[in-house]
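Residue-level structure breakdown
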Amino acid sequence: MGAVEPKPKMVALRQPPRHVVIGIAAFTLVLCFVFFTPRSAKLDLGSVSSHNPPRRPPTTTSKKSERLYGKDYKGHSSPADVNRVANETLGFGNIFVVGLPERSDKRDAIALTSSLTGFNVEWIDGVKGDTIPDKAVPFGADRKKLWETNLGSWRGHMNAVRRIIEDDLDSALIMEDDMDWDVRLKPQLERIAQGARALLSSASKPNSPYGDNWDLMWLGHCGEVFPETLDENKGKSPDDPGIQYMSRKFVIEKDLTVPPKDKVTGLVNFKDNPEFTRWVHITGAPICTFAYALSQRGARKVLYDLSVDHLTGPFDNALAGLCRRAVSTWGVKDIAAAGDRGLDAKCVSVTPPIFFHHKAKGLVNGDSDIQTVNDGQIREKGKTENIVWSARNNIKNMIMGTRMESQYE
Ligand SMILES: *[C@@H]1O[C@H](CO)[C@@H](O)[C@H](O)[C@H]1NC(C)=O
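As the structure is a prediction and not an experimental result, all values here were calculated from the model.

The buried count for strand β11 (residues 355-359) comes to four of five residues, which makes it a mostly enclosed element. Direction of pairing for strand β5 (residues 179-181) relative to β11: antiparallel, over a ladder of three bridges. Bridge pairing in β11 places Asp180 opposite Phe356. With two bridges connecting them, β11 and strand β14 (residues 383-384) associate as antiparallel partners. Each residue of the ladder has a partner; that of His358, found in β14, is Thr384.

With that settled, the discussion passes to the packing of helix α9 (residues 296-308) against helix α10 (residues 315-328). Where α9 contacts α10, the axes come no closer than 10 Å and their chain directions differ by 120°. In terms of axis orientation, α9 runs oblique to α10. Classified by chirality, the crossing of α10 by α9 is right-handed. Facing α9, whose interface residues are Lys301, Val302, Asp305 and Leu306, α10 presents Ala318, Leu319 and Leu322. Its residues placed into classes, the contact of α9 with α10 shows five nonpolar, no polar and two charged.

For α10, built from 14 residues, the straight-helix expectation of 20 Å at 1.5 Å per residue is met to within 8% by its first-to-last C-alpha distance of 20 Å. Summarising burial for α10: twelve of the 14 residues are buried, a large majority. Within the sequence span of α10, burial applies to Phe315, Asp316, Ala318, Leu319, Ala320, Leu322, Cys323, Arg324, Arg325, Ala326, Val327 and Ser328.

Here the focus is the environment of Leu90. Here Leu90 is to be found in the loop between β1 (42-44) and β2 (95-99). Setting aside anything within four residues of it in sequence, one finds Leu90 in contact with Val85, Ile95, Phe119, Leu173 and Leu189.

Conventions we followed
- Residues numbered from 1 in each chain as written.
- Predicted model: local features only at pLDDT ≥ 70, side-chain atom pairs only at ≥ 80, totals over all residues.
- Buried ≥ 20, exposed ≤ 12 C-beta atoms within 10 Å, placed from the backbone.
- Helix = DSSP H or I, 4+ residues; strand = E, 2+ residues; numbered from the N terminus.
- Pairing = 2+ DSSP bridges.
- Axes fitted to C-alpha atoms, helices over the stretch in contact; angles between N-to-C directions.
- Parallel < 35°, antiparallel > 145°, perpendicular 65-115°, else oblique.
- Left-handed = near helix turned anticlockwise from the far one by under 90°.
- Contact = placed C-beta atoms within 7 Å.
- Nonpolar A, V, L, I, M, F, W, Y, C, P; charged D, E, K, R; others polar.
- Expected span 1.5 Å × (residues − 1).

Function cannot be read off these values alone, since they describe shape.
Structure below.
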């Protein structure tokens with residue numbers, strides 16, 4: 001049809017005016033942009049009503065050459081009050097690092113990595129277990145089974161927790177002295193703040209950028225399973241209100257600060273999930289207390305449950321126990337079955353974690369002040385599991401303004 005007509009005429013008949021063509025082209029471009037832009041965050045909150053996906057802070061420097069670390073990084077989030085996580089105390093009231101004063105090597109490294117990343121820390125002196133008299137050991141703790149080093153570690157952390165209460169801080173981040181993180185820590189925290197708000201249904205104008213409903217945020221751990229897969233929760237019905245609460249996930253997709261999934265370590269089955277996924281989720285029972293934040297309410301619960309009332313084991317197990325008791329008895333009314341309901345602790349975790357302990361180059365034996373391992377061995381290059389642009393391994397690049405080095409290239 002129309003084949004008999006002379007070509008020029010046909011073109012003239014069919015061709016719309018130039019401004020219409022340009023208009024259509026522009027509209028198509030906008031449509032493509034809308035459809036092919038990756039969604040910033042997938043909210044899978046079980047029974048919780050869905051939110052608008054929050055704006056996604058950048059995790060690469062590809063678009064602009066803006067640095068995603070340092071004091072000048074101000075954040076790119078919406079709502080804008082999330083950007084408070086980029087301040088000098090990462091949106092918390094203070095940041096405490098617990099460590100023995102004589103480990104000057106670790107203090108030097110933390111001073112450099114924190115200041116270059118763009119935050120300030122305050123030191124809490126670690127404690128040696130043998131300086132703690134029997135009378136000061138909490139009810140229920142067996143100091144022989146616990147080892148002196150575990151007791152010392154517990155006390156150092158408790159002194160940090162106590163500072164939150166004595167200084168009447170809204171919150172604080174507490175970390176151990178061998179910590180490492182990605183230089184893009186601030187953009188990571190923007191997403192985590194959005195996640196914590198969504199998981200615990202925070203009010204829209206919270207006092208803390210992370211929302212006002214959390215007690216503990218477990219940002220650095222050796223690994224943990226999701227709470228709905230813990231033995232005591234496996235058999236519960238999907239309609240169980242506790243299961244609905246604990247299954248909530250805030251999924252951060254295409255997070256380039258997550259290592260490739262065959263390199264990530266932890267207890268979740270990363271292989272069955274898309275590459276570069278990070279979850280903000282309700283805490284199950286993490287191992288290791290690399291880095292965690294406490295709200296004022298959370299600090300009170302922890303100092304009561306892990307010192308004033310009793311202590312049941314090494315600090316990390318005891319802290320995980322508080323969160324686990326709370327999540328596994330969520331909403332249970334029967335006191336006989338629920339006990340103290342873990343003081344209703346509201347614990348949130350990040351998996352894979354964003355803080356992990358650094359294995360420094362030099363004496364392998366220098367890694368831990370709790371255990372002695374591999375006496376005499378030397379490590380040639382420092383490494384940190386689960387961290388892509390390791391702050392420790394990029395100190396020189398941050399000082400010199402040179403290209404960041406990935407641990408996975
Ligand atoms: C950083 O922001 C938090 C939350 O708004 C606030 O509590 C803290 O005081 C701020 N830090 C500094 C150094 O201003």
